[in-house]
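Structural description and commentary
The primary structure of each chain is shown beneath.
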Amino acid sequence: MQTKNHYLFIDFLKVFAAFIIILHHLSSYGQMAQDARELLPGVMGCLFEYGRYAVQIFLVMGGYLAAQSLMRANAVDKPRNTLKLIINRYLRLFAPYVVALVFTIACAWVARFWVSDEFVGESETLKQFLAHLFFLQGVLGLDSISAGVWYVAIDWQLYAALTIMLATFPGYRSLIWMATILIVASLLYFNRLTQYENYFFYFIGSYGLGVLVHLAKDHADPAIKKLSQVLLALIGVIVLISSFQDLWIRNILAYVVAIALVLWGSRAYKDEKHHKMHNLVFSILWGSRRSYCAFLLHFSFILIANTIYIASGLSLLNNGLIAIGFMLATMMASWFTANYLYRYVEVPARHFKL
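Residues numbered from 1 in each chain as written. Predicted model: local features only at pLDDT ≥ 70, side-chain atom pairs only at ≥ 80, totals over all residues. Heavy atoms only, no water.

In this structure, serine 146 sits in the loop between α6 (126–133) and α7 (149–168). Look at serine 146 and you get buried, because its relative accessible area is 2%. The residues touching serine 146, leaving out its near neighbours within four places in the chain, are Thr104, Leu296 and Phe299. (Helix = DSSP H or I, 4+ residues; strand = E, 2+ residues; numbered from the N terminus. Buried < 20%, exposed > 50% of the residue type's maximum accessible area, 1.4 Å probe, protein only. Contact = heavy atoms within 4.5 Å.)

Moving on: the side chain of threonine 180. Looking at where threonine 180 falls in the secondary structure, it is placed in helix α8 (residues 172–188). Accessibility expressed as a relative area gives 8% for threonine 180, which makes it buried. With sequence-adjacent residues up to four places away left out, threonine 180 is seen in contact with Leu212, Leu231 and Ile235.

Next up on the list: the packing of helix α5 (residues 81–111) against helix α12 (residues 279–311). Contact geometry for α5 and α12: axes closest at 9 Å, N-to-C directions at 5 degrees. As summarised for this structure, α5 and α12 are arranged roughly parallel, according to the angle between their axes. Mapping the contact onto sequence places Leu93, Pro96, Tyr97, Ala100, Phe103, Thr104, Cys107, Ala108, Val110 and Ala111 in α5 and Tyr292, Cys293, Leu296, Leu297, Phe299, Ser300, Phe301, Leu303, Ile304 and Thr307 in α12. Residues belonging to the contact of α5 with α12 are distributed by class as follows: 17 nonpolar, 3 polar and no charged. (Axes fitted to C-alpha atoms, helices over the stretch in contact; angles between N-to-C directions. Parallel < 35°, antiparallel > 145°, perpendicular 65-115°, else oblique. Nonpolar A, V, L, I, M, F, W, Y, C, P; charged D, E, K, R; others polar.)

Here we take up a nonpolar patch on the surface. Judged by side-chain polarity, Tyr50, Leu247, Ile249, Ile252 and Val256 come together as a nonpolar surface patch covering roughly 440 Å² of accessible area. In terms of residue count, the dominant contributor to the nonpolar patch is helix α11 (residues 249–264) (3 residues). Assignment of secondary structure puts isoleucine 249 in helix α11. (Patch = residues over 30% accessible without salt bridge, like charges linked within 9 Å, V, L, I, M, F, W, Y side chains within 5 Å. Areas by Shrake-Rupley, 256 points an atom, 1.4 Å probe, with all protein chains shown as cover. Salt bridge = Lys/Arg side-chain N within 4 Å of Asp/Glu carboxyl O.)

One non-glycine residue, phenylalanine 135, adopts positive backbone phi at about 60 degrees. Following the sequence through the fold, phenylalanine 135 ends up in the loop between α6 and α7. By relative accessible area, which is 3% here, phenylalanine 135 ends up buried.

Attention now moves to the pattern of salt bridges. Where side chains of opposite charge bring their charged atoms close, a pairing between them can arise. Applying the stated criterion to the full structure yields 5 salt bridges. The shortest N-O distance in the salt bridge between glutamate 124 and arginine 112 comes to 3.0 Å. In this pair, glutamate 124 sits in the loop between α5 and α6 while arginine 112 sits in the loop between α5 and α6, placing the two residues 12 residues apart along the sequence.

Here you go:
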């Protein structure tokens, strides 16, 4: 473990958002979800209906952290570096992503012998797999192999868009105005139309809020910082006014997360090899590092758990407590396996870059 600064609130948000997304999918897919809903209809219904909004947390944090890494290091100091940065981002996402895809395909193949639910899907095709390798499955209109992998494709699109914008507008003032235009257009128009949900401009409203938060908090130039703060406040007014006409929960949540990052995003703590952390803090750090891998793997274990639940005949008992027990086991298995995917795939793969 390298000694470096970590941000406790950001690490907590990563773990929290990953848990909520996994719970949302557990409440959405398979016989386990149906049986658990009969025992806890309110809780399961809430997770099913509102759990997906946790993606907004990932989006805002993604914009904040991407801006932090690109701007603080002046990574886009020359336009020729743009393509290298975009490819390196792809390579960083790719290794655990492709391992999780192959694992999901294997789990789905087994599940099809016992589970007839629609969420298992048809057998994967070579075209479908290749499209996933290049994050093009949504753009090409192909079915997703695993729940949640669409976010990896969108994250890469958003990172690429931010990198290109930084190369195009090296003066931050122009970048801020362009980002604000895109944010408002996304929040008020694009993210309300499902035909755009496979493209970055559907999500850039939330992602761009994270970028503005970094500029408003951490930029060295007081004029740039002040302009970002004013525009961030203006966007809040726009979100509030638009909510009177059409209450759009995802926009409100994204803005709340942005303000929370302004207030608490810079709270740092040291991560040292022999440092005696509080157990809770250490758990947050441990989960934060493995949240991406857990996010990638959890659907595979939902497939496995539903297969065991049905093949063993437990589903015939229609017992909600047993279903919830399987769901908790699925959650634990996702994080346990994520630890190994992180240690033996994600970390070593960071060395593969241009």
